[in-house]
Amino acid sequence: MSTGDAAGLAKSLWSEILGSDADTGTGFLENGGDSFRAVLLTTRLYELTGREIEYLDVLEADGAGAIARLLTTDTPGS
């Protein structure tokens, strides 16, 4: 997945899960995210990309850009 595609998808899902007024440059938890929403986001990411992202990484994300980086980072077994 290209960096641009990952960024667009991350921003789209960030707003889908956290609401249209969510700030893509602010942390997941600061936007009202919780563990349930983090699992929803990881599930949607897997459905759309086949990439498995840990929900704890989503909870610690400092913005949609962090999610995009997770999507484009090579991990063992990917």
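For the structure, check the block above.
Residues numbered from 1 in each chain as written. Predicted model: local features only at pLDDT ≥ 70, side-chain atom pairs only at ≥ 80, totals over all residues. Heavy atoms only, no water.

Engineer: Whenever I open this one, the overall build of the protein chain confuses me. Can you help?
Structural biologist: Tallying secondary structure elements over the protein chain gives four helices and zero strands in all. Across the protein chain, helices and strands are ordered from the amino to the carboxyl terminus as α-α-α-α. Against the compact-globule benchmark of 12 Å for 78 residues, the protein chain has a radius of gyration of 11 Å, which places it among compact chains. Based on the C-alpha atoms only, the size of the protein chain along its principal axes is roughly 30 × 25 × 20 Å. Residue burial in the protein chain is summarised as follows: out of 78 residues, 35% are buried. (Helix = DSSP H or I, 4+ residues; strand = E, 2+ residues; numbered from the N terminus. Rg over C-alpha atoms; globule rule 2.2 N^0.38 Å. Buried < 20%, exposed > 50% of the residue type's maximum accessible area, 1.4 Å probe, protein only.)

Engineer: Just to check I follow, could you spell out the packing of aromatic side chains for this structure?
Structural biologist: One pair of aromatic rings is described through two measures. These are the centre distance and the angle between the planes. Within the structure shown, the criterion is met by one aromatic pair. Taking the centre distance of 5.6 Å and the plane angle of 75 degrees together, the rings of Trp-14 and Phe-28 count as edge-to-face. Of this pair, Trp-14 sits in helix α1 (residues 3–18) while Phe-28 sits in the loop between α1 and α2 (35–49), and the two are 14 residues apart along the sequence. The exposure classification of Trp-14 matches that of Phe-28, with both residues buried. (Phe/Tyr/Trp six-rings, centres within 6.5 Å; stacked < 30°, edge-to-face > 60°.)

Engineer: Could you clarify how one ought to interpret the environment of Gly-32 in this entry?
Structural biologist: Position of Gly-32 relative to the elements: it lies in the loop between α1 and α2. Once the C-alpha coordinates of Gly-32 and Ala-22 are considered, the two residues, ten residues apart in sequence, prove to be 8.5 Å apart. The residues touching Gly-32, leaving out its near neighbours within four places in the chain, are Leu-18 and Arg-37. (Contact = heavy atoms within 4.5 Å.)

Engineer: Can you walk me through the nonpolar core in this structure?
Structural biologist: Within soluble globular proteins, side chains that are nonpolar tend to cluster in buried spots. With 21 residues, the main nonpolar core has Trp-14, Phe-28, Leu-41, Leu-45, Val-58, Ile-67 and Leu-71 as its most contacted residues. Of all elements in the fold, only α1, α2, α3 (55–59) and α4 (64–72) reach the threshold of two or more residues within this core. Considering each element in turn, this core owes the most residues, seven residues, to α1. Other than its neighbours up to four places away in sequence, Leu-45 contacts Leu-9, Leu-13, Gly-50, Arg-51, Ile-53, Ile-67 and Leu-71. (Core = buried A, V, L, I, M, F, W, Y, C linked by side-chain atoms within 4.5 Å.)

Engineer: Would you explain α1 in this entry?
Structural biologist: Along an α-helix, a turn takes 3.6 residues, which lines up residues three or four apart on a common side. An ideal rise of 1.5 Å per residue puts 22 Å on 16 residues; α1 measures up with 22 Å between its terminal C-alpha atoms. Buried residues of α1: Ala-6, Leu-9, Ala-10, Leu-13, Trp-14, Ile-17 and Leu-18, and no others. Here the buried residues of α1 occupy an arc of 135 degrees about the axis, which is enough to place them on one side. Contacts from the buried residues of α1 go to α2 and α4. (Expected span 1.5 Å × (residues − 1). Arc of directions from axis to C-beta.)

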